[in-house]
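Structural overview for review
Residue strings, one per chain:
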Amino acid sequence: MAAAQGRLSDGGGGMDDAKEGDARASRTDQVTEQTPLPFRAAVEAMRTARLRPQVEIEQVPPPQRLAPFAHALEATVVDGEQELADGRLVLLHDPAGHDAWRGTFRLVTLVRAELEPEMAVDPLLPEVCWSWLTGALQARGLTYGEPSGTVTRAGSHYFGGLAARPPASQIEIRASWTPREGLGGVPDTGAHLASWCDLLAQVAGLPPAGPGDASVVTLPQRRGPQPH
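This text gives an overview of the structure that appears in the document. Values in this document were obtained by computation on a predicted structure and should not be read as measured data.

1. Considerations on the overall build of the chain
- When helices and strands are counted, the chain shows 4 helices and 7 strands.
- N-terminal to C-terminal, the α/β element order of the chain is α-β-β-β-β-α-α-β-β-α-β.
- Counting across all 228 residues of the chain, residues that qualify as buried make up 47%.
- Relative to all contacts within the chain whose residues are 6 or more apart in sequence, the contacts with residues 24 or more apart total 70%.

2. Let's talk about the pairing of strand 6 (residues 168–179)
- Taking burial as the measure, the 12 residues of strand 6 include 11 buried ones, the bulk of the element.
- Where strand 5 (residues 144–156) meets strand 6, 11 bridges bridge the pair, whose relative direction is antiparallel. The partner of V151 across the bridge, within strand 6, is I173.

3. Focus on helix 3 (residues 125–139)
- Across its 15 residues, helix 3 extends 20 Å between first and last C-alpha, which sits within 8% of the 21 Å expected from 1.5 Å per residue.
- Within helix 3, burial applies to L125, C129, W132, L133, T134, G135, A136 and L137.
- Positive phi appears at G141, one or two residues downstream of helix 3, with a value of about 70 degrees.

4. A short note on helix 1 (residues 37–47)
- Turning to helix 1, its buried residues are F39, A42, V43 and M46. Seen from one end, helix 1 has its buried residues packed into an arc of 95 degrees, which puts them on one side.
- Elements that come into contact with the buried residues of helix 1 comprise strand 2 (69–79), strand 3 (82–98), strand 4 (103–115) and helix 4 (189–204).

5. A word on the pattern of salt bridges
- Here the structure, examined in full by the defined rule, presents 5 salt bridges.
- Linking D86 and R112 is a salt bridge whose minimum nitrogen-to-oxygen distance equals 2.8 Å. Residue D86 is found in strand 3, and its partner R112 is found in strand 4; the two are separated by 26 residues along the sequence.
- For R112, a relative accessible area of 19% puts it in the buried group.

6. Points about unusual backbone geometry
- Not every positive phi belongs to a glycine, and R65 is a case in point at roughly 70 degrees.
- Inspection of the secondary structure assignment puts R65 in the loop between strand 1 (55–60) and strand 2.
- The phi torsion at E146 lies on the positive side, around 50 degrees, for a residue other than glycine.
- With respect to the helices and strands, the residue E146 is situated in strand 5.
- Note on E146: relative accessible area 31%, which makes it partly exposed.

7. Describing the packing of aromatic side chains
- Taken as a whole, this structure holds 1 aromatic pair when the rule is applied.
- Relative to F69, the ring of F39 lies with its centre 5.6 Å away and its plane at 40 degrees, an arrangement referred to as tilted. With F39 in helix 1 and F69 in strand 2, this pair connects stretches of sequence that are 30 residues apart. Assigned by exposure class, F39 and F69 land together as buried.
- In this structure, R165 packs its charged tip against the face of Y158, placed 5.4 Å from the ring centre.

8. What to know about the environment of G185
- Following the sequence through the fold, G185 ends up in the loop between strand 6 and helix 4.
- The spatial distance from the C-alpha of G185 to the C-alpha of P95 is 9.8 Å, given a sequence separation of 90 residues.
- Those residues within four positions of G185 in sequence are excluded, and the remaining contacts are P38 and F105.

9. Looking at the environment of R180
- Relative to the elements of secondary structure, R180 occurs in the loop between strand 6 and helix 4.
- C-alpha of R180 to C-alpha of T143: the two residues are 37 residues apart in sequence and 5.8 Å apart in space.
- Here R180 is in contact with R102, T143, Y144, G145, P187 and D188, once residues within four sequence places are set aside.

10. Quick notes on the side chain of E172
- Summarising the element assignment, E172 is placed in strand 6.
- Take E172: its relative accessible area is 14%, and that puts it in the buried class.
- Side chain to side chain, E172 and R174 meet in a polar contact 2.8 Å long.
- Other than its neighbours up to four places away in sequence, E172 contacts L110, V111, R112, T150, V151 and T152.

Cut-off values and rules
- Residues numbered from 1 in each chain as written.
- Predicted model: local features only at pLDDT ≥ 70, side-chain atom pairs only at ≥ 80, totals over all residues.
- Heavy atoms only, no water.
- Helix = DSSP H or I, 4+ residues; strand = E, 2+ residues; numbered from the N terminus.
- Buried < 20%, exposed > 50% of the residue type's maximum accessible area, 1.4 Å probe, protein only.
- Contact = heavy atoms within 4.5 Å.
- Pairing = 2+ DSSP bridges.
- Expected span 1.5 Å × (residues − 1).
- Arc of directions from axis to C-beta.
- Salt bridge = Lys/Arg side-chain N within 4 Å of Asp/Glu carboxyl O.
- Phe/Tyr/Trp six-rings, centres within 6.5 Å; stacked < 30°, edge-to-face > 60°.
- Lys NZ or Arg CZ within 6 Å of the ring centre and 35° of its normal.
- Polar contact = N/O pair within 3.5 Å; in protein donor to acceptor, adjacent residues only side chain to side chain.

As structure tokens, then:
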């Protein structure tokens, strides 16, 4: 699985430059009897969520110092032997609450995929990409607050010994939001994970999985699938 590398963090209401935790196992993801029950229930809901078969997902060490408790997942959208998009989703929990979050839970994500160069210069692309995120949440009837994030497009041109490579363009969505808490102070993290996988599939250029995804704008062009 291709890991979504880079810095993933959540600060005063959104994304900042705090350093991501290293590859060592984080104490914040060692669920024990002393772990708060809402966080244990939220993690279990994510582990049992039903997801699209094209999305390969695995647990990874979460970032540290962002919250007292954290749980992290990485995912890749795969079509046969081809990787179409990848991303990371982190669930943060602070039992004492967080002023910027306006809640005790926060979801933080990084999603990326390659695009055709002409798509990368579309002036409406950032707004469309942000609508993929909000549309995926709304399509599943989820309530959330304090959304924050960035949409970044980058292009690479190759020279010298790499001149044979075609230009490459990439879209990257970094975002965070506060899932509204339900019974027992636990948000519906399973549904939020499913909506995140819908976003990954949308960025990858896959068709909607069902009628609930029809409101999400499809990507008109994208770079061809990348091999494992």
